[in-house]
Amino acid sequence: QKEVEQDPGPLSVPEGAIVSLNCTYSNSAFQYFMWYRQYSRKGPELLMYTYSSGNKEDGRFTAQVDKSSKYISLFIRDSQPSDSATYLCAMGPNSGGSNYKLTFGKGTLLTVNP
Amino acid sequence: EADIYQTPRYLVIGTGKKITLECSQTMGHDKMYWYQQDPGMELHLIHYSYGVNSTEKGDLSSESTVSRIRTEHFPLTLESARPSHTSQYLCASNRQGIHEQYFGPGTRLTVT
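Residues numbered from 1 in each chain as written. Chains lettered and ligands numbered in written order. Predicted model: local features only at pLDDT ≥ 70, side-chain atom pairs only at ≥ 80, totals over all residues. Heavy atoms only, no water.

A. View of the overall build of chain A. The number of helices and strands found in chain A is zero helices and 11 strands. Starting at the N terminus, the α and β elements of chain A follow one another as β-β-β-β-β-β-β-β-β-β-β. What you see for chain A is a C-alpha radius of gyration of 14 Å, in line with the 13 Å of a compact globule of 114 residues. By its C-alpha atoms, chain A is 45 × 30 × 25 Å across when sized along the principal axes. (Helix = DSSP H or I, 4+ residues; strand = E, 2+ residues; numbered from the N terminus. Rg over C-alpha atoms; globule rule 2.2 N^0.38 Å.)

B. The arrangement of the interface of chain B and chain A in detail. The interface is formed by 27 residues belonging to chain B together with 23 residues belonging to chain A. Here chain B and chain A share an interface that buries about 2100 Å² over both sides, 53% of which is from carbon and sulfur atoms. Contact with chain A buries surface across chain B, with Glu42, His99 and Glu100 of chain B losing the most and accounting together for 32% of the total. If you look at where chain B meets chain A, you find two salt bridges. Linking Glu42 of chain B and Lys2 of chain A is a salt bridge whose minimum nitrogen-to-oxygen distance equals 3.2 Å. Where chain B touches chain A, the interface holds eight residue pairs in polar contact (both at pLDDT 80 or more). Only β4 (31–37), β5 (44–51), β9 (87–94) and β10 (102–103) of chain B provide two or more residues apiece to the side of chain B that touches chain A. Here the side of chain B that touches chain A gets four residues from one element, more than from any other, and that element is β4 of chain B. Class assignment for the residues of the side of chain B that touches chain A results in 13 nonpolar, eight polar and six charged. (Contact = heavy atoms within 4.5 Å. Buried area = accessible area lost by both parts, 1.4 Å probe. Salt bridge = Lys/Arg side-chain N within 4 Å of Asp/Glu carboxyl O. Polar contact = N/O pair within 3.5 Å; in protein donor to acceptor, adjacent residues only side chain to side chain. Nonpolar A, V, L, I, M, F, W, Y, C, P; charged D, E, K, R; others polar.)

C. Broad picture of the pairing of strand β5 (residues 45–50) of chain A. Residue and element names in this part refer to chain A. Across five bridges, the pairing between strand β4 (residues 30–38) and β5 is antiparallel. Residue pairing in the sheet places Tyr36 in a bridge with Leu46 of β5. Adjacent in sequence and paired antiparallel, β4 and β5 are bridged by six residues, among which Arg41 carries a positive phi angle near 65 degrees. (Pairing = 2+ DSSP bridges.)

D. The arrangement of the sheet that holds strand β6 (residues 54–58) of chain A in detail. Residue and element names in this part refer to chain A. Read from one edge to the other, the open sheet built from five strands follows the order β1-β3-β8-β7-β6, with strand pairing classed as antiparallel. On the outer flanks of this sheet lie β1 (4–6) and β6, each paired with one strand and no other. Strand-to-strand twist across the sheet, computed as the mean angle between neighbouring axes with direction ignored, equals 15 degrees. Of the strand pairs in this sheet, strand β3 (residues 19–25) and strand β8 (residues 71–76) are connected by six bridges, and their pairing is antiparallel. (Axes fitted to C-alpha atoms, helices over the stretch in contact; angles between N-to-C directions.)

E. Molecular detail of the nonpolar core. Residue and element names in this part refer to chain A. Ranked by size, the top nonpolar core spans 24 residues in total, and within it Trp35, Ile72, Leu74, Tyr87 and Met91 carry the most contacts. If you list the elements that add at least two residues to this core, you get β3, β4, β5, β7 (61–66), β8, β9 (85–93) and β11 (108–113). Not counting residues up to four positions away in its chain, the partners in contact with Tyr87 are Gln6, Leu21, Tyr36, Arg37, Leu47, Leu74, Ile76, Gly107, Thr108 and Leu110. (Core = buried A, V, L, I, M, F, W, Y, C linked by side-chain atoms within 4.5 Å. Buried < 20%, exposed > 50% of the residue type's maximum accessible area, 1.4 Å probe, protein only.)

F. The sheet that holds strand β7 (residues 65–66) of chain B, seen in detail. Residues and elements named next belong to chain B. Strand order in the open sheet made by the four strands is β1-β3-β8-β7, with antiparallel pairing throughout. Pairing within the sheet leaves two strands with one partner each, and these edge strands are β1 (4–7) and β7. Pairing between strand β3 (residues 19–25) and strand β8 (residues 76–78): three bridges, direction antiparallel. Its bridge partner lying in β8, Ile19 is registered against Leu78.

G. Summary view of the pairing of strand β11 (residues 107–111) of chain B. Residues and elements named next belong to chain B. Burial along β11 is one-sided: the residues Thr107, Leu109 and Val111 are buried and none of Arg108 and Thr110 is. Alignment of strand β2 (residues 10–13) against β11, held across four bridges, turns out to be parallel. Each bridged residue has a counterpart across the sheet, and for Leu11 the counterpart in β11 is Leu109.

H. Looking closely at the pattern of salt bridges. Residues and elements named next belong to chain A. Inspection of the entire model under this criterion finds eight salt bridges over all chains. In this structure, Arg37 engages Glu45 in a salt bridge whose closest nitrogen and oxygen atoms are separated by 3.1 Å. Overall, the relative accessible area of 35% leaves Glu45 in the partly exposed class. Between Arg77 and Glu57 there is a salt bridge, and its shortest N-O distance comes to 3.5 Å. You can see Arg77 sitting in the loop between β8 and β9 and its partner Glu57 sitting in strand β6, a full 20 residues away along the chain. On the accessibility criterion, Arg77 (29% relative accessible area) is partly exposed.

Purely spatial values, then, with no claim about function.
Written out as structure tokens, the structure is:
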């Protein structure tokens, strides 16, 4: 079993839809969580990060973490064609030492149709 | 926006050639990373560095080598390129105490 599972999609939605992207994980040591957006032929761009269970909102984006279920989500409200990209979840342990390595999901390809 | 640069952006090279992929950051980050990314696959960590003169191999076995002589510079070298090295190579960095990593634009390498 992979440490991080992410449905690769592809996911196609109409403009204005609410998008839900999800990852599950098996390693209970993971304590911090990130979402990256990657446009075609570009590097990943950090969208959101959080260290605690619950919701964190930034504009049209909401990151949700449920540590008890080992499940994280990214919601995109009022989706726009410019949101069309691959979305990667990433997470890592808060070991307190120098181990800051991240484990990534495979990414979900999202297309928002005008 | 993160100030991390990679050159070249695209490279097509023949088998057996030696290549160096450049990565530089101007943020003073002490930690730097190299990832390999293939279509539809996770990013795999191939090398990382927690500071000058510190380099470690990552989780994915790689025939490449890295050096960290200056804080801002973390080049990756392939002594003899093979078609199996065809991939996208991503460089990232962050500060001590910070978990989120900032990525460069990537180098897409094709070995013929």
